[in-house]
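Remarks on the overall topology
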Amino acid sequence: MEAALRTAYEVYMGESIIDIEFADLRGFKGIKEAKVMLGDKEVRVAVANGIGNASLVIDMIKKDPNRFHFVEVMSCPGGCINGGGQPYAGSEYVALDEELLKKRASVLYDLDRAKTIRRSHENPKIQRIYKEFFERPLGPKSHKILHTHYKQKYPTGVYKK
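One structure accompanies this document, and this report is about it.

The rules we used
Residues numbered from 1 in each chain as written. Predicted model: local features only at pLDDT ≥ 70, side-chain atom pairs only at ≥ 80, totals over all residues. Heavy atoms only, no water. Phe/Tyr/Trp six-rings, centres within 6.5 Å; stacked < 30°, edge-to-face > 60°. Helix = DSSP H or I, 4+ residues; strand = E, 2+ residues; numbered from the N terminus. Pairing = 2+ DSSP bridges. Right-handed = clockwise from strand over helix to strand, strands pointing away. Core = buried A, V, L, I, M, F, W, Y, C linked by side-chain atoms within 4.5 Å. Buried < 20%, exposed > 50% of the residue type's maximum accessible area, 1.4 Å probe, protein only. Contact = heavy atoms within 4.5 Å.

**Quick notes on the packing of aromatic side chains**
According to the stated counting rule, one finds two aromatic pairs in the structure shown. Residues Tyr130 and Phe134 carry aromatic rings whose centres are separated by 5.1 Å and whose planes lie at 45 degrees to one another, so their mutual orientation is tilted. With a gap of four residues between them, Tyr130 and Phe134 both fall in helix 4 (residues 124–134), about one helical turn apart. Centroid distance Phe133 to Phe134: 5.0 Å. Interplanar angle 70 degrees. Geometry classified as edge-to-face. These aromatic residues form a ring-pair network of at least three members: Tyr130, Phe133 and Phe134.

Structure, rendered in structure tokens:
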């Protein structure tokens, strides 16, 4: 979410964003909401930690379809910081306490702050793939390949197995 907001700000505003960290979207809370100003436009976003919270966000959207402009769902509680690739002891998952997860997150944020490139659209590899394959951001080719569109296959309330 943070990377997307960094790029959205700079594309929409045509200028570099100064404060590129979005603290309201960090942490281990199940659902985090934030309002980000892009000039005079308010963008409402949410991050759901864990699949169970994704269904809660869906319920929120059903009640108010205009509540969010952008939602990120991280399948693991706490996102990748607590996701796949975590330590195992034999075949048993090693449960990590919240303090250890906070330390791990802090290290990742420190590493991010130390990077020269902190905006996705400034990554030379991303720039190259757009130049050589997609042609341009938001162009027809990138839209066709990178965007997902859903359409209703069955009448509402009917599930076909």
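**Let's talk about the pairing of strand 2 (residues 41–49)**
Pairing of strand 1 (residues 31–38) with strand 2 involves eight bridges; the strand directions are antiparallel. Following the sheet pairing, Met37 is matched in strand 2 by Glu42. Here strand 1 folds back onto strand 2 in antiparallel fashion, the turn holding two residues, of which Gly39 has a positive phi close to 65 degrees. Two strands pair when backbone bridges link them, and strand 2 and strand 3 (residues 70–74) are joined in this way by five bridges, in the parallel orientation. Counted as the bridge partner of Asn49 is Met74 from strand 3. Once the chain exits strand 2 it traverses helix 2 (residues 51–63) before rejoining the sheet at strand 3, and the crossover so formed is right-handed.

**Examining the nonpolar core**
The biggest cluster of nonpolar side chains holds 13 residues, and the ones touching the most others in it are Met1, Leu5, Phe22, Leu25 and Val45. Put simply, the parts of the chain that give this core at least two residues each are helix 1 (2–13), strand 1 and strand 2. The residues contacting Val45, other than those within four sequence positions of it, are Met1, Leu5, Leu25, Lys32, Glu33, Ala34, Phe68 and Phe70. Counting six residues, the second largest nonpolar core, distinct from the first, contains Ile31, Ala48, Val57 and Phe68.

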